[in-house]
Amino acid sequence: MFTSNLTIVRQSGMDLTVQTLETTETHLLIRLRSEARIPSRHGAGTTLAVSDERFTLTDGHGTALMTAHSNSLSDGPFGGILYLAFPSDGQFDLGTPLTLKSENAEVTFQL
């Protein structure tokens, strides 16, 4: 297991902060934070806008991974945090710039 802070190279779209990347034997795990909110589907209150996004993680060679799992915390002291899990088979190059992209956000970062 490896956990790393990262350096943002370029960012556009929705306001979010990629905080950490962690590796396990089977997944790359990313924690990000965003305060952007949208009306909830149930009509009462709001939800994290970023939790409705479908993310792709791409390395500098073009290897792309789709989100396998996600979990968001919308309220309380941990509100605004979204956890993303991407399946990894060891072919993904963490030594290159990595791009996390959705329809409304794009962040390129390096470990």
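Reading guide: rules and limits
- Residues numbered from 1 in each chain as written.
- Predicted model: local features only at pLDDT ≥ 70, side-chain atom pairs only at ≥ 80, totals over all residues.
- Heavy atoms only, no water.
- 1 Å grid on protein atoms, 1.4 Å probe; cavity = no way out; pocket = protein on both sides within 12 Å on 5 of 7 lines; lining within 4 Å.
- Points joined across faces, edges and corners; volume = space filled by probe spheres on them.
- Nonpolar A, V, L, I, M, F, W, Y, C, P; charged D, E, K, R; others polar.
- pLDDT = per-residue confidence, 0-100.
- Helix = DSSP H or I, 4+ residues; strand = E, 2+ residues; numbered from the N terminus.
- Salt bridge = Lys/Arg side-chain N within 4 Å of Asp/Glu carboxyl O.
- Pairing = 2+ DSSP bridges.
- Axes fitted to C-alpha atoms, helices over the stretch in contact; angles between N-to-C directions.

In this section: the layout of surface pockets. Over the atoms, a rolling probe the size of a water molecule traces out where space has been left empty. A volume near 160 Å³ is recorded for the largest pocket. Every residue lining the largest pocket is listed: V50, S51, D52, E53, R54, F55, M66, T67, S70, L82 and L84. Per-class residue counts for the lining of the largest pocket are five nonpolar, three polar and three charged.

Averaged over all residues, the pLDDT of the chain equals 86, while 88% of them reach at least 70. Put simply, strand β1 (residues 2-4) is where the chain has its lowest mean pLDDT, 64, and strand β7 (residues 56-58) is where it has its highest, 97.

Another point: the pattern of salt bridges. This structure, assessed with the given rule, holds one salt bridge. K101 is the partner of E106 in a salt bridge, and the nearest nitrogen-oxygen pair spans 3.8 Å.

This part takes up the sheet that holds strand β8 (residues 64-66). As summarised here, the arrangement of the five strands in space is β2-β12-β11-β7-β8, forming an open sheet in which the pairing is antiparallel. Only two strands of the sheet have a single neighbouring strand rather than two, namely β2 (7-13) and β8. Each neighbouring strand pair of the sheet contributes to a mean axis angle of 15 degrees, computed without reference to strand direction. Across three bridges, the pairing between β7 and β8 is antiparallel. When the bridges of β8 are listed, L57 appears paired with L65.

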